[in-house]
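Summary of the model geometry
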Amino acid sequence: MPVLLRPWGHLHYRLRGPDGGLPVVLLNSLGTDLRMWDAVADRLPALRLVGMDKRGHGLSATPDADWTLDDLVSDALALMDYLGIGRAVVAGCSIGGMIAQRMATLAPARVAGLFLSNTAMKIGTDESWAARIDGVRQTGLCGLAPQIMERWFSPAFRASDEAKAWEMMLMRGDDAGYIATCRVLAVADLRSMSPGITCPVLLIGGATDQQDRAGDAATPEA
């Protein structure tokens, strides 16, 4: 399994598609790993897809110290450098979408376009993220999984067999990495930076998604 060594530890990544395909960087939501894009990747065999587990998620390391949204951007750019990718379309869901937007303002020459799913420029409040962190500390991700699944998916999808795998992905996550990423979301606010995004943007949401005001954006079913 390929990894990139960073000052804070190792970053796990995966490549799919032909060497000459259009590069697309895929950035995951809170509590998921790079497998969240598998069904999408299966439909895009001609593209050069770069999946990565952000800090504290999947098979990547969890640093001892807290990190920032800009740190997550630096990880994505470092991986692009390592793979020899000068410019890419960047796709992101939830916090992945915030990382993508921030990348477009910090390094506009590296971002050919944005594909944003169920994200925002500001997600939740200090209070909502403090409550989420307290919940993880008290019960772990296993205890919060049913509540989080309600935010992620419609009732119909939660009743499907496939939903069981998503719930297991969440429950097997790293509590410390999840909490540290909640702290990132509590302070991340891109609203004043929106004029700095000059590349093409496609923003989508599902018909049954929650209208989020106090937590992480829901993951679409598809």
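The structure under discussion appears in the preceding block.
Computed from a predicted structure; not experimentally measured. As a convention, each chain's residues are numbered from 1 in the sequence order in which they are written. Residues qualify for local features only when their pLDDT is at least 70, as the model is predicted, and side-chain atom pairs are given and counted only at 80 or more; totals for whole chains, interfaces and linings, by contrast, use all residues. Excluding hydrogens and water, the side-chain values take into account all heavy atoms of the structure.

Moving on to the packing of aromatic side chains. Pairing of aromatic rings covers Phe, Tyr and Trp, the last counted by its six-membered ring, and requires centre-to-centre distances within 6.5 Å; plane angles under 30 degrees mean stacked, over 60 mean edge-to-face, and any other angle means tilted. Counted by the stated rule, this structure contains 5 aromatic pairs. Here Tyr13 and Tyr82 contribute two aromatic rings whose centre-to-centre distance is 6.2 Å and whose plane-to-plane angle is 75°, an arrangement assigned as edge-to-face. One end of the pair, Tyr13, is in strand S2 (residues 9-16); the other, Tyr82, is in helix H2 (residues 69-83), and 69 residues separate them in sequence. Owing to a relative accessible area of 8%, Tyr13 belongs among the buried residues under this scheme. Buried, partly exposed and exposed residues are distinguished by accessible area as a fraction of the type maximum, computed with a 1.4 Å probe on protein chains only: under 20%, between the cut-offs, and over 50%, respectively. Of the residues examined, Tyr82 reaches a relative accessible area of 49% and is grouped as partly exposed. Ring geometry for Phe153 against Trp166: centres 5.3 Å apart, planes inclined by 75°, an arrangement best described as edge-to-face. One end of the pair, Phe153, is in the loop between helix H4 (126-152) and helix H5 (155-158); the other, Trp166, is in helix H6 (residues 162-171), and 13 residues separate them in sequence. Secondary structure counts use DSSP, requiring at least four H or I residues in a row for a helix and at least two E residues in a row for a strand, with both numbered from the N terminus.

Our next topic: the nonpolar core. In this structure, Leu27, Val90, Met103, Leu114, Trp166 and Tyr178 are the most contacted members of the largest nonpolar core, which totals 67 residues. No other element matches H4, which puts 9 residues into this core. Look past the residues within four positions of Trp166 in its chain and what remains in contact with it is Thr32, Met36, Met149, Trp152, Phe153 and Phe157. Put simply, a nonpolar core is a bunch of buried Ala, Val, Leu, Ile, Met, Phe, Trp, Tyr and Cys residues held in one set by side-chain atoms that sit within 4.5 Å of each other. Whether two residues touch is decided by their heavy atoms; if any such pair falls within 4.5 Å, the residues are in contact.

Note that Lys54 resides in the loop between strand S4 (48-52) and H2. Overall, the relative accessible area of 5% leaves Lys54 in the buried class. A C-alpha to C-alpha distance of 7.8 Å links Lys54 and Leu27, two positions 27 residues apart in sequence. In this structure Lys54 touches Leu11, Asn28, Ser29, Leu30, Thr32, Ser60, Leu72, Ile95, Ile99 and Thr181, once residues within four positions along its chain are discounted. For the purposes of these results, a polar contact is taken to be a pair of N or O atoms within 3.5 Å, where, inside protein, one atom must be able to donate a hydrogen and its partner to accept one; residues adjacent in sequence count only when each atom of the pair is a side-chain atom. Within the local environment of Lys54, its side chain forms a polar contact with the backbone oxygen of Ser29, the two atoms lying 2.7 Å apart.

Before going further, it helps to spend a moment on the pattern of salt bridges. The term salt bridge refers to a side-chain nitrogen of Lys or Arg lying within 4 Å of a carboxyl oxygen of Asp or Glu. According to the stated counting rule, one finds 12 salt bridges in the structure shown. Between Arg16 and Asp42 there is a salt bridge; the shortest N-O distance is 2.6 Å. Linking Arg16 in strand S2 with Asp42 in helix H1 (residues 38-42), this pair joins segments that are 26 residues apart in sequence. In this structure Arg16 comes out as partly exposed when scored by relative accessible area, which is 28%. For Asp42, a relative accessible area of 52% puts it in the exposed group. Notably, a salt bridge pairs Arg110 with Asp81, separated by 2.8 Å at the nearest N-O pair. With Arg110 in the loop between helix H3 (95-106) and strand S6 (111-117) and Asp81 in helix H2, the pair connects residues that are 29 residues apart, well separated along the chain.

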